[in-house]
Each structure stands twice: as structure tokens, then as C-alpha cells.
Amino acid sequence: MKKYLRAYLISLQETLQRRSSFVMDRLGGIAVMLSLYYFWKTLLWGHPSFLGYSYSQMLTYVLGMNILRSFALTGRGWELVGEISSGKISSYLVRPMNYHGYALALDLSQKTVHLFAALLEIGALLIFFHPPFYWPKSITAFFLFVGALMMASLLFFFLEFLVSSLAFWTSESGGPLFFFEIFIQFAAGAFFPLNVLPRLIQKGLSFSPFPYLVFLPINIYLGRVSRGQALQDLFISGVWAVVFGAASVWVWRKGLSIYSAEGG
Amino acid sequence: MNAISVNSLQKEYQVFNRKPGLWGSLGSVFWREWNNIKAVDSISFQIGEGELVGFLGANGAGKTTTLKILSGLLTPTSGSVEILGFKPWRREREFQKRISLVMGQRTQLWWEIPAQETFRLNQAVYGLSDKDYQESLGELVEMLELKDYLAVPVKKLSLGQRMRAELAAALLHRPKILLLDEPTLGLDVVMQKKVREFILDYNKRWKASILLTSHNMDDLTALCRRVLILEKGKLIYDGNLEGLVRRYAENKIIRIVFDGDVPASQIAAIGGTVDSQKTSMWVSVPRAEISKKAALLLSSFPVADLTIEEPSVDEIVRKIFSKS
Ligand SMILES: Nc1ncnc2c1ncn2[C@@H]1O[C@H](COP(=O)(O)OP(=O)(O)OP(=O)(O)O)[C@@H](O)[C@H]1O
Ligand SMILES: [Mg+2]
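Per chain, residue numbering runs from 1 following the sequence as it is written. Chain labels run from A onward and ligand labels from 1 onward, assigned in the order the entries are written. pLDDT decides what is reported in this predicted model: residues at 70 or higher carry local features, side-chain atom pairs at 80 or more are listed and counted, and totals for whole chains, interfaces and linings draw on all residues regardless. Where side-chain values are given, they derive from all heavy atoms of the structure, hydrogens and water being excluded.

Colleague: If you had to explain helix H7 (residues 189-206) of chain B to someone new, which residues and values would you point to?
Modeller: Residues and elements named next belong to chain B. Relative to the 26 Å expected for 18 residues at 1.5 Å per residue, H7 spans 26 Å between its end C-alpha atoms, a close match to the ideal helical length. Working definition: with a 1.4 Å probe on protein chains only, accessible area under 20% of the residue-type maximum means buried, over 50% means exposed, and in between means partly exposed. Runs of E in the DSSP output that reach at least two residues are strands. Runs of H or I that reach at least four are helices, and both are numbered from the N terminus. Buried within H7 are the following residues: Met191, Gln192, Val195, Arg196, Phe198, Ile199, Tyr202 and Asn203. Here the buried residues of H7 occupy an arc of 160° about the axis, which is enough to place them on one side. More than 90 degrees from the buried face of H7, the exposed residues found are Val189, Val190 and Lys204. Next to the buried residues of H7 lie strand E3 (52-56), helix H5 (130-143), helix H6 (159-171), strand E6 (177-181), strand E7 (209-213) and helix H8 (217-223). Polar contact is the term for a pair of N or O atoms within 3.5 Å; when the atoms are in protein, one must be able to donate a hydrogen and the other to accept it, and sequence-neighboring residues count only if both atoms are side-chain atoms. Measuring from the backbone nitrogen of Val190 back to the side-chain oxygen at the start of H7 gives 3.1 Å, which picks out Asp188 as the cap. After H7 finishes, the residue Lys207 shows a positive phi value of roughly 50°. By definition here, a helix of n residues has an expected span of 1.5 Å times n minus one. Along the arc lie the directions from the helix axis toward the C-beta atoms. The contact criterion used is simple: two residues touch if any of their non-hydrogen atoms lie within 4.5 Å.

Colleague: Give a detailed account of the nonpolar core, specifying residues and quantitative values.
Modeller: To form a nonpolar core, buried Ala, Val, Leu, Ile, Met, Phe, Trp, Tyr and Cys residues must be joined to one another through side-chain atoms within 4.5 Å. One finds Ile89, Leu213 and Val214 of chain A together with Leu70, Phe119 and Leu211 of chain B to be the most contacted residues of the largest nonpolar core, which totals 161 residues. A per-element tally of this core places helix H7 (residues 139-165) of chain A first, with 13 residues. Setting aside anything within four residues of it in sequence, one finds Leu211 of chain B in contact with Phe45, Ile47, Val53, Phe55, Leu67, Leu70, Leu178, Leu179, Leu180 and Leu228 of chain B. By size, the runner-up hydrophobic cluster in this structure holds 13 residues, among which are Ile267, Met281, Val285 and Ala294 of chain B.

Colleague: Can you explain helix H2 (residues 63-71) of chain B? Please cite residues and give values.
Modeller: All names here are of chain B. Of all nine residues in H2, eight are buried, a share of seventy percent or more. Among the residues making up H2, those that are buried are Lys63, Thr65, Thr66, Leu67, Lys68, Ile69, Leu70 and Ser71. Positive backbone phi, at 95°, marks Gly72, one or two positions downstream of H2.

Colleague: Requested: an account of the sheet that holds E6 of chain B, with residues and values cited.
Modeller: Residues and elements named next belong to chain B. Pairs of strands are assigned from DSSP output, requiring at least two bridges between the strands. With respect to topology, six strands assemble into an open sheet ordered E5-E6-E7-E3-E8-E9, the strand pairing being mixed. Looking at strand neighbours, the two that pair on one side only are strand E5 (99-103) and strand E9 (234-240), the edges of this open sheet. The sheet shows a mean angle of 15° between the axes of neighbouring strands, direction not considered. Sheet analysis places E6 next to E7, joined by five bridges and oriented parallel. In the strand pairing of E7, Ile177 is matched with Ser209. Only the stretch in contact is used when fitting a helix axis, every axis being a line fitted to C-alpha atoms; angles between N-to-C directions are given from 0 to 180 degrees. Taken strand by strand, H6 contacts E5 and E6, and its axis lies near 165° from that of E5.

Colleague: Got a sec to walk through the pairing of E6 of chain B? Specific residues and values, please.
Modeller: All names here are of chain B. Along E6, five of the five residues are buried, which leaves the element largely enclosed by surrounding structure. Alignment of E5 against E6, held across five bridges, turns out to be parallel. Counterpart to Val102 in the pairing with E6 is Leu180.

Colleague: An account of the environment of Val15 of chain B is needed here, citing residue identities and associated values.
Modeller: Along the chain, Val15 of chain B turns up in strand E1 (residues 2-16). A C-alpha to C-alpha distance of 8.5 Å links Val15 of chain B and Glu33 of chain B, two positions 18 residues apart in sequence.

Colleague: Pulling in residues and values, what's your account of the domain arrangement of chain B?
Modeller: Looking at chain B, the domain boundaries give domain 1 (2-245) and domain 2 (250-323). Domain delimitation in this document rests on an assignment produced automatically or drawn from a domain database. Here the C-alpha centre of domain 2 of chain B lies 35 Å away from the C-alpha centre of domain 1 of chain B.

Colleague: Describe the environment of Gln123 of chain B, and please don't skip the residues or the numbers.
Modeller: With respect to the secondary-structure elements, Gln123 of chain B resides in helix H4 (residues 115-125). Among residues more than four places away in sequence, those in contact with Gln123 of chain B are Lys2 of chain A together with Leu128, Ser129, Asp130 and Tyr133 of chain B.

Colleague: Quick rundown of the environment of Ser71 of chain B? Include the residues and the values.
Modeller: Residue and element names in this part refer to chain B. The topology assignment puts Ser71 in helix H2. Classification of Ser71 by relative accessible area gives buried; the value is 2%. Placed 25 residues apart in sequence, Ser71 and Gln96 show a C-alpha to C-alpha distance of 8.2 Å. A distance of 3.0 Å separates a polar side-chain atom of Ser71 from the backbone oxygen of Lys68.

Colleague: A description of the interface of chain A and chain B should follow, citing residues and the corresponding values.
Modeller: How large an interface is tends to be reported as the accessible area lost when its parts come together. At the interface, 39 residues of chain A touch 40 residues of chain B. What counts as buried area is the accessible surface, traced by a 1.4 Å probe, that two parts surrender upon association, with contributions from both included. Together, the buried faces of chain A and chain B total about 3,700 Å²; carbon and sulfur atoms form 58% of this surface. Every case where a carboxyl oxygen of Asp or Glu lies within 4 Å of a side-chain nitrogen of Lys or Arg is listed as a salt bridge. Counting across the chain A and chain B interface gives zero salt bridges. The tally of links from chain A across to chain B stands at five residue pairs in polar contact (both at pLDDT 80 or more). Those elements that provide at least two residues to the side of chain A that touches chain B are helix H1 (2-17), helix H5 (90-93), helix H6 (99-129), helix H8 (167-170), helix H9 (175-188) and helix H12 (227-262) of chain A. Side-chain classes follow a simple rule in which Ala, Val, Leu, Ile, Met, Phe, Trp, Tyr, Cys and Pro form the nonpolar group, Asp, Glu, Lys and Arg form the charged group, and the remainder, Gly included, forms the polar group. Tallied by class, residues from the side of chain A that touches chain B come to 16 nonpolar, 14 polar and nine charged.

What follows is the structure in C-alpha cells.
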């Protein structure tokens, strides 16, 4: 356990060291948040509700996306791809450590820093723009949201790990990861609520793990999901996490065996 | 008891024919074609506890490949390897706690932050108690003269400082087996000497078995009594280094740069031509005759520049190979 705590701390330190790239990351996120904020604000002006979202719920969805992007959809996929193609992972393979656990610890530390930044940004936005903010109706809804957020993070970690591991086969190119990153933001609802999409696509996505990453957690927060339904969603996202956790371990092992045959 | 025991070890790299494009490479997750490249060709050797052995051979001879197998990074194609009773490629925790692999051109240090942070991480990774860690660290910092660099971000260290930090990170857990791949690569003469002294000291102090590759003759003469020589994946020599040098390095090399073209055949009359490139030529001459031959060369040909060099390890290896 201690080694993962150390890994968490060392990565925290590195993120703080690389302030400029962190700030660039955040600025990108702020730009997305502000443009979506103004987009929905203009669109909904004078309408009491849209697709079942009240004005305040929709604007809160936009702010919530910033939290979810920062905590759930943040990872170190590109680092992993780089470590695989440069052979840097060799230095972990010869040490008595579990790379999955190590990577998760590093991920969590990045998520922590980004979460703090996102909360600050949203706080600032609340103070300066006074948007109509939706506060959860019950403490239970809030805790269910936190649970969904944790589940979403774990699920995203495994998904991203799986896709990044494909670098064992694709060598230099991070093509799959690039595609994944763009796709997932749409499919998870990190640009707009999935209700905007045609029914058929919504239906299709509901059988996939993606809505559990952003769309459902925010809807739980917004009280648009009953308590029973929320618990069920939490359970299903847990099942997805287990499925993709196992798949990522399997692909990782297979990748390693190729790595060991091919070069290292 | 042997610390390392290698029997008929063979490694063929399977190089997968990667398909172009995204779908091709994704498809290769499930099916693929490959070519084989034989890098290590049934080699056998034993290394005892506390032995310091040099591993040499020309570029591409298979040294790094062998070290990667010994450290557990690569699975052998056939043959057996046993280190302290473990099979390396199983990567058992207890095995990993007893070995270390240092590659001159790779780093395990975190780049943006001070080396001491990586040391603390390794303390946790290897499960060292605070007492053991402090003791080991204190010793390494002193031997490697690292005190002033502990708190400096690794990216700001010079190559020599980084290499020493690298060694410290790799040795905190006091491995009994140490595999060093070109540890003095790119270091200046003073730093090479320091690293060498350290390696020797570590070897003596902990009776660690060390296998080290280098293209630097000084490394080998200073450190190793025994050397293994690989040539195209085959082990062609396993024995005493001194005898080897006495037998094969009785010559020195004169390097000449000519003003214009001089046919190699004319030079051959003076000494054995080792190598020639356009207007440069390397000529091998017995030690005793060096000044006489140099003078002769200078007076008989349009020489622009002339230097006298020690033969390189690769040169010696090549000689051994051509005679065997
Ligand atoms: N990952 C790999 N895939 C395919 N072939 C490889 C791979 N790594 C090495 N080889 C080949 O295996 C042979 C041995 O390489 P190796 O790196 O072990 O040599 P070496 O003795 O360490 O050489 P050097 O002195 O240049 O470091 C070479 O022919 C090399 O091209
Ligand atoms: Mg090598």
C-alpha cells in the first residue's frame, strides 16, 4: 500500500512542478466550459425548460461537466503510450511493483489536482456570474452523485488503460487513444446532455458503458434519476468497471508477452 | 554455488509485421505474421557469487539482449537461466528484490523532480524499513558523492551526475545481482573512473555478482578479471582478460589522415591495415615499432594528421574472431 501512496505523492509533486502544462490544460477546460455556458444560456433564454432540464439544471449540467471532465475523464493515457513505445515500462517491469496499481495511483493524484482546480473555477464562475445554480434536493442525492463520480473514474481508468495498451501493437502511433478521447467525450455526454441525440442513438448508448462516465452522474446530481434508479445505475457501472478492469488486465498481459518476445 | 547459471540460452526476436493504418494495427491484436531474428545463439556460462564479469562484443552481438533476459524483461526462446534459484522471466517479487538492471541510455528517475523522490519511491517499492533505507542511502550518497545533487530536479543534472543518481536508485535495496549495460557511456574520463571505482567497491562490499557490458577497454581492464565475448550471438570466449589483452593487444593503432588518395596496398607494406575510410586509415603496428613506423609513414606519404591510439575492445574482439 505504501508504494502506491508514494507514487501518488511523487506524481502530485511532478504535476505541481509542471505548472505551465497544467495551466494550459485548465485554460482549455475553462474555454470549453464558458463557451458551452454561453451557448446554453442563449439557447434557453426565455424558455422554462428544455428536454426536461430546467434553466438552472442545464447551466448546472455545464458546470458539472467541468467537474466530471477533471475528475473522471482525466488520465495519463498519453504517458502510458509514450512509456510503452519508448520502452520506459521496462524500468517498472524489473521492479517488484504492479503497474496497474501504480498507474491508478498516479491517475488519482492527477485527478485530485484537477478536481481542486475545477472546483476553484466553478467557484469563481458562481461568484462573478451568479448563474442560477441547482443545489441538490437531498444529501442522499449528493452522496449518490459522489459514488457515481468514483465509479465513473474507475471505469474511465480501465477504459483508457485498455486503449492505451494497444500501443504494444500499434508501436509509435497513439491513433486508438486519439480516436478514443474524442469519441468518449461525445458518447459520455461531456459536450451536451445525451438527451439531445436521436432516440435510437440514445438507446444504443444506454447499453454501453459511456453514459456512466458523465451523463448519469450529473443526472443523479440534478435529481433527474430516482433513488432506486440511481442505485441500479451505480451497480451497472460497477459491473462495467469489473468487465473493463478484467479486459484491461488481459490486454496488458497479452501486450507484455509480445513486449517480452519482441524487444523490451 | 553459482549466482547465475545460463544453459544453451537462445533468443530469437519475433518481429511482427505491422500492418499499416489504424485497422491493420488493431487487427494485429488478434492475428499477425512475424519474422525471426536470432540475437543470442545457444550460449552457456556460470557466474559465481561476488564475481565481476565483463561482457563484450561488437554492436549487435547480443549483449543487451542477454542482460534483458537475465533481468526478466525478455523470455528466452529456448534454454535455461537460473539466478539465485529463480527463473527471471517469471518476474517473482523475491527475485526482483535481489537484482538490478542499469542501462546507460535509460533512466528510471523521475525527470522533473529531484532524484531523492525516486529514492523514496524505491524505498516503498522494495519495502525497505526507514532504518535500512537511511543506512543504504547514506552509504550510496557518500560513495557516489551525491550530496549536493539530491534536491536538484533530475533534468538539471549533468549526464555524469544523473548516472550516479541512477546507480543509487538501482542499488538502494542492495541487490546481490547487478546487471550493467554500458554504465560509462558518454561520461568523461574523470567520471568514468569514479563510476568504475564505485562498481568495484560495491562488488567487494556486498559480494555482489556483477555482469557489465562496455565498449570501453579501461572499464574492463580496471574491473574485470574474467570476460565473456559474444560474436553474432555466439559465445566465443570465456576466460581471463589479461591473457586476452596480452595475446591480442600487442599492437597499437596509428590513425592517419592523408592529403589525397593513398592506396591501402602501399600502407600494408608498413603495417596491417585495420580499416580505411576515404582519406583516413587505421594501421596496426607492434608496440615496440611504433615510433619507427610512424616516422616512416610521415616521410613516405602526404600525411595531414597522425595520431597513435590504443586498440578498442571491438578491435580486439574482431581480431580474436578472425583468428578463431
Ligand atoms: N527489439 C528488437 N527487435 C528485433 N531485433 C532486435 C531487437 N533488439 C535487438 N535486436 C537485434 O538483436 C541483435 C542483438 O542486439 P543487442 O541489442 O542485444 O546487441 P548489443 O550486443 O547490445 O549491441 P550494442 O553494443 O550495439 O549495444 C541485433 O541484431 C539487433 O538488431
Ligand atoms: Mg547493447
